[in-house]
2 protein chains.
Amino acid sequence: MSEDKRKEIADLGEFGLIKHLSEKFDNVQESTVKGIGDDAAVIDRGDYYEIISTDMLLEGVHFDLSYAPLPHLGFKAIAVNVSDIAAMNGIPKQVTVNIGISNRFSLQAIDALYQGIKYACDGYKVDLVGGDTTSSSSGLVISVTVVGEVAKDKIAYRSGAKESEILCVTGDLGAAYVGLQVLEREKQVFLANPDMQPQLEQYDYLVRRQLRSEARTDIIHEIRDLGVVPTSMIDISDGLASDLFHLCEQSGLGAAIYEDKLPIDKSTYDTAVEFNLDPITCVLNGGEDYELLFTLKQDDFEKVKKHPDIATIGYMHKAEKGKVFVTKNENVVELQAQGWKHF
Amino acid sequence: MSEDKRKEIADLGEFGLIKHLSEKFDNVQESTVKGIGDDAAVIDRGDYYEIISTDMLLEGVHFDLSYAPLPHLGFKAIAVNVSDIAAMNGIPKQVTVNIGISNRFSLQAIDALYQGIKYACDGYKVDLVGGDTTSSSSGLVISVTVVGEVAKDKIAYRSGAKESEILCVTGDLGAAYVGLQVLEREKQVFLANPDMQPQLEQYDYLVRRQLRSEARTDIIHEIRDLGVVPTSMIDISDGLASDLFHLCEQSGLGAAIYEDKLPIDKSTYDTAVEFNLDPITCVLNGGEDYELLFTLKQDDFEKVKKHPDIATIGYMHKAEKGKVFVTKNENVVELQAQGWKHF
């Protein structure tokens, strides 16, 4: 078609592609406060900001219907978008859902999907206000847009971290990734011998973290009640290391995190070992945990230090000091961000 | 799986499915003014309404890459959503775009798609503020959400028409459908003999109406300048008859439209005849024209009657009088709404 050599998307990677595409666009609307580049877009609504996030889940790429039950999938599709609203320190309000479905789906199957969507909408108190249902000639497609709100003085961008601020993370990490390994193994066992029933009871927590991700809006309400405003925030969808890199780059800083501070559930640890995986690698590069990573002013540390679901894992420092990982025996190593390869 | 007999989505149809799914959802947020059921959702933003519309285009269902050039496709994906904002009498402001692309696409192909997206964003003055790019294991997927604004006293719902009000339509109808027939024929000719070059020059207008649909935001600005507020409005995506049915049902009325008032371009007429199609059927059931169908108070008729791009095609009457079509020789026949079958 063109005299140029064909260029591959894979050479740019997902973040490179987004940058490549978005740099051609300018914002002209006065109400646009923040476009592409954070967890969500920000629109000025006078007294407060509206925040908008959108995500698409495709069969065969983001989920495998051979082990993802449809109600869980519906729930997760809402939760991962709500998580982006939480990552701006916002409260979700409305959602739209577009689905593409092939005619191999029965009405009961669609009802099962929407049962999960409704369960999530009820739980996160968001109204389903619109969407598009269409047939798909290939796999199931779910595209969700969530709209939320946040007071102007409480919004948390990725770029707001300052030197010496402390780094916090909610919940525990690595569980969703290890849960995926469990599901993949059981699928292979089942494919080899369809009479075998999957043995998932002991992995219940891990499997749930993979299939039915929760957004941490609970934490957003709780830190608000504690009078704490994160100076920067991101949700951990690509893995702690990768998302910390985003926070560092957008804030123009480096960071140090400590191995012995990283929150990991016992079942994540034990199962990682069972699968010959390094538990800390699962924590750092696992992805899909949808926990929140945020920075706080040192003065705010006292307010959150007793919170059972917030761990202090390190601090921000000058960019020249790099992004470093301090091991239990006090070795300082450079952090590697692997993230997720979608291309 | 279940003891119930499998139920097919096709038995419900697209509108039945939307109704079936949405009736399980309630709105709890104070700011939600209108959820599912109109061209767009409506959110209260204090001094004005925000309107949100979302649509998804799937390869093999909504477009055929063998004749849809990628820049046109990108343009159309934005335009069809902007059209839904126009149909609420609103002005589009921001847009998010999710795309799923397989690795058979080069970076140049993606750039071509975004060239059309940018052209539409520039033309409609909307900011691209977010989105998700992901790989697709099957075809190209484009899911767009547009956010717009409208003054509270100017919003036009489908349900606002009153008895005796006049029915207007913008532009001309049937062109996009006849354009699709031209493209399908040329594709078959090409498949039969790849050395044949498609002969599209004389069908230029029709092909453009199919591949590069425009949203009528121009009309929204113009009727505003004329001091006219439509009492109800819908965009013609499924065909005049089908969309008039929506307007009638939601307003609790019937309507009469006149054959000799229907706007049809000469090339639409001539080409329909060439294809052994009834031109009036193309106008009534064609679809994808993205023109606006709206009702006006009789007093406002004087203000629009000289507008070159607005045709008065009939009026609203009591529901008992039905939805009728008055032919040139004054036969009154019941309107049939065929619409588009997506399932």
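Shown above is the structure to which this text applies.
Residues numbered from 1 in each chain as written. Chains lettered and ligands numbered in written order. Predicted model: local features only at pLDDT ≥ 70, side-chain atom pairs only at ≥ 80, totals over all residues.

### Here's the deal with the overall build of chain A
So, step 1. Across its full length, chain A carries 10 helices and 13 strands.
So, step 2. Computed over its C-alpha atoms, the radius of gyration of chain A comes to 20 Å, within 12% of the 20 Å expected for a compact globule of 343 residues.
So, step 3. Counting only C-alpha atoms, chain A reaches 55 × 55 × 50 Å along its principal axes.
So, step 4. Split into buried and exposed, the 343 residues of chain A put 53% on the buried side. (Helix = DSSP H or I, 4+ residues; strand = E, 2+ residues; numbered from the N terminus. Rg over C-alpha atoms; globule rule 2.2 N^0.38 Å. Buried ≥ 20, exposed ≤ 12 C-beta atoms within 10 Å, placed from the backbone.)

### Notes on the sheet that holds strand β5 (residues 127-135) of chain B
Residues and elements named next belong to chain B.
So, step 1. Taken in spatial order, the 6 strands of this open sheet run β1-β2-β3-β6-β4-β5, and their pairing is mixed. If you trace the sheet from one side to the other, it starts and ends with β1 (32-34) and β5, each paired once. Geometrically, the sheet is characterised by an average inter-axis angle of 20 degrees between neighbouring strands, direction not taken into account.
So, step 2. In terms of strand pairing, strand β3 (residues 48-58) meets strand β6 (residues 141-151) through 11 bridges, oriented antiparallel. Bridge pairing in β6 links D55 to V144.
So, step 3. The strands touched by helix α3 (residues 107-124) are β4 (91-101) and β5; relative to β4, the strand with the most contacts, the crossing angle is about 170 degrees. (Pairing = 2+ DSSP bridges. Axes fitted to C-alpha atoms, helices over the stretch in contact; angles between N-to-C directions. Contact = placed C-beta atoms within 7 Å.)

### Thoughts on the relation of the copies chain B and chain A
So, step 1. Once chain B is rotated about the relating axis by 180 degrees and shifted along it by 0.0 Å, it coincides with chain A to within an RMSD of 0.0 Å. Such a turn and shift between the copies fits a two-fold axis.
So, step 2. Here 100% of the contact residues of chain B are again contact residues in chain A; the copies associate through an equivalent surface. (Least-squares fit on C-alpha atoms with pLDDT ≥ 70 in both.)

### Concerning the sheet that holds strand β8 (residues 232-235) of chain A
All names here are of chain A.
So, step 1. If you walk across this open sheet you meet the 7 strands as β8-β10-β7-β11-β9-β12-β13, and the pairing is mixed. Of all the strands in the sheet, the pair left with one neighbour each is β8 and β13 (332-334). Between one strand and the next, the sheet's axes are offset by a mean angle of 25 degrees, whatever the strand orientation.
So, step 2. Here strand β9 (residues 253-258) pairs with strand β11 (residues 310-318) via 5 bridges, running antiparallel.

### With respect to the nonpolar core
So, step 1. By size, the foremost hydrophobic cluster in this structure holds 204 residues, and its most contacted members are A:I78, A:C168, A:L293, B:I78 and B:C168.
So, step 2. Ignoring anything within four residues of it in the chain, the contact list for A:I78 reads A:V95, A:I117, A:A120, A:C121, A:Y124 and A:V144. (Core = buried A, V, L, I, M, F, W, Y, C linked by C-beta atoms within 7 Å.)

### Looking at the environment of B:G60
So, step 1. Within the secondary structure, B:G60 sits in the loop between β3 and α2 (70-86).
So, step 2. Taking the C-alpha atoms as reference points, B:G60 and B:D225, separated by 165 residues in sequence, lie 41 Å from one another.
So, step 3. Ignoring any residue separated from it by four or fewer positions in sequence, one finds B:G60 in contact with A:S137 and B:G139.

### A short note on the interface of chain B and chain A
Interfaces are often sized by the amount of accessible area the parts lose when they come together.
So, step 1. Contacts between the two partners involve 69 residues from chain B and, on the opposite side, 69 residues from chain A.
So, step 2. Of all the secondary-structure elements, those providing two or more residues to the side of chain B that touches chain A are α1 (9-22), β2 (41-44), β3, β4, α3, β5 and β6 of chain B.

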